[in-house]
Amino acid sequence: MSPTFRTLRMAQATLRELTRRRGVLGLLLLVPLVFYLGRHDEPGQAIRFASLGLGFAVSAAALFSSVGGREIEPRLALGGFRPRHLHLGRSLALVGAGLAVSALYALLIALDQDVRHLGAVVLELALTTLVAVPLGLLLGLAVPRDMEGTLLLISVIGAQMVMDPAKDSARALPFWSTREIITYAVDGAGAGSLAPGVAHAAVTAALLMAASCAVQAVRLRRRAHMQFG
Amino acid sequence: MVYPASTRPAQGLGETPGDDGAPVLLHAQGIVKSYRRRRVLNGVDLTVRSGEVAAIVGSNGAGKSTMLKICAGLASPDRGRVSVRGRLGYCPQDVGVLDFLTPGEHFTLFGAGRGLRPAAASRRGRELARTLDWSVGRRTLAKDLSGGTRQKLNVVLAALGDPDVLLLDEPYQGFDRGSYLDFWKNVWDWREEGKAVVVVTHMLSRLDRVDQVLDLSPRTGTEATL
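Residues numbered from 1 in each chain as written. Chains lettered and ligands numbered in written order. Predicted model: local features only at pLDDT ≥ 70, side-chain atom pairs only at ≥ 80, totals over all residues. Heavy atoms only, no water.

Quick word on the pairing of strand β3 (residues 38–49) of chain B
Residues and elements named next belong to chain B.
Working step 1: Of all 12 residues making up β3, 9 are buried, and the element is well covered by its neighbours.
Working step 2: Two elements, strand β2 (residues 24–35) and β3, share 9 bridges in a ladder whose sense is antiparallel. Paired with Val-32 across the two strands is Asn-42, which belongs to β3. (Buried < 20%, exposed > 50% of the residue type's maximum accessible area, 1.4 Å probe, protein only. Helix = DSSP H or I, 4+ residues; strand = E, 2+ residues; numbered from the N terminus. Pairing = 2+ DSSP bridges.)

This is the structure:
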């Protein structure tokens, strides 16, 4: 049985679990819309807020998925899954679902706003999803319950909203790229630039994925006292 | 015969010592575990051979579930070692399933870990379910199953893929009497097949004919062979 088969089975199970929680899913989908409509009179701000709302929603979904899998993942690891199958499978499902939601918001923005670089908005929404998934997974692995994780996530998104993106310290926040790319997309190359935003998102997503994968591997490690003959 | 936990002689995996003959599939030696300052396991040994059923008994908080988790490799002891020959199947006390998946989807997910194709995993899962007098519905989600049926799902998932060692933590909670008897019939069948089975229980009746009992009650802390 190939590792890919196990990874895809895990992805399939995660996606089914996620899409069947319709109430939670509906509320999470609503967050970016509320953020968007709240600043609808200012196109740039509306897109920024919708993107951060998307980041929050996808991270929260990943957080709940990670915490919800805490009971069953040790059993799956005992039953032949490697930690990387579980982590990659869960990530694939969440990225797939997140990209579908980001496509919906890209469509909404394309129909509703006059944006200079629509392609950059689409790219930014996709990158926000790619950052949000490992961020939520890492929080879910690091905290004891989803309540603590949610509060941490609110703190991160809140800091992202209030901090001046021009400050160097703002680059330490995971969604700095979101604001930077939207500034480029809405206001043009003079105000923001694409490359640093894309690079920031890529590095942040890679670091968060590596960290969450490492925490997962430690949690599901073969204990030192076990010997298999 | 009663062996003080700390003095029972150690044996290696697969050995066929003395008059027992069958190979050792699970061997836990000198297990020590404390929570904060309270020691719950103090040098506990457990040896289960192929074709044997062991019961772990004791009062609430005696460390039965902790001992089983340590044997499964899901918790670390402060001291001691566990050796396993073959594959492990583990059924937790608390229901550890995914609420929004159907039992059939659980079978295919757990079967993938065991190297089973979806159709084979589904078929085997339904066969095992039938032995527990459970006809698996196609659309019912795990969250909508009764407590007893969810526990049957747990037992089936533990046995899926034909593990050599089965560790079952109070697996029949919520079972009706018929299902309870079916469960023990399964245990005897697994014993006949040469598996090593460990059952944590606080209700050991005459029906539960086991080969050995590990009593973790604080006053005894000993292992007895029936």
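Back to the text.
Remarks on the pairing of strand β4 (residues 52–57) of chain B
Residues and elements named next belong to chain B.
Working step 1: Within β4, 6 of the 6 residues are buried, which leaves it mostly tucked inside the rest of the structure.
Working step 2: Here β4 shows two buried faces, one formed by Glu-52, Ala-54 and Ile-56 and the other by Val-53, Ala-55 and Val-57.
Working step 3: As defined by bridge partners, β4 adjoins strand β8 (residues 196–200) across 5 bridges and the pair is classed as parallel. When the bridges of β8 are listed, Glu-52 appears paired with Ala-196.
Working step 4: With 4 bridges joining them, β4 and strand β9 (residues 212–215) adopt parallel strand pairing. Across the sheet, residue Ala-55 finds its bridge partner in β9, namely Val-213.

Looking at the side chain of B:Ser179
All names here are of chain B.
Working step 1: One can find Ser-179 in helix α5 (residues 177–192).
Working step 2: Ser-179 sits in the buried class, given a relative accessible area of 1%.
Working step 3: The residues contacting Ser-179, other than those within four sequence positions of it, are Leu-132 and Lys-152. (Contact = heavy atoms within 4.5 Å.)

So, the environment of A:Ser91
Residue and element names in this part refer to chain A.
Working step 1: As for its position among the elements, Ser-91 is in helix α5 (residues 83–112).
Working step 2: Of the residues examined, Ser-91 reaches a relative accessible area of 3% and is grouped as buried.
Working step 3: Taking the C-alpha atoms as reference points, Ser-91 and Cys-213, separated by 122 residues in sequence, lie 10.0 Å from one another.
Working step 4: Once residues within four sequence positions are removed from consideration, Ser-91 is found in contact with Val-133, Leu-137 and Met-209.

Read these as layout, nothing more, since geometry by itself doesn't imply function.
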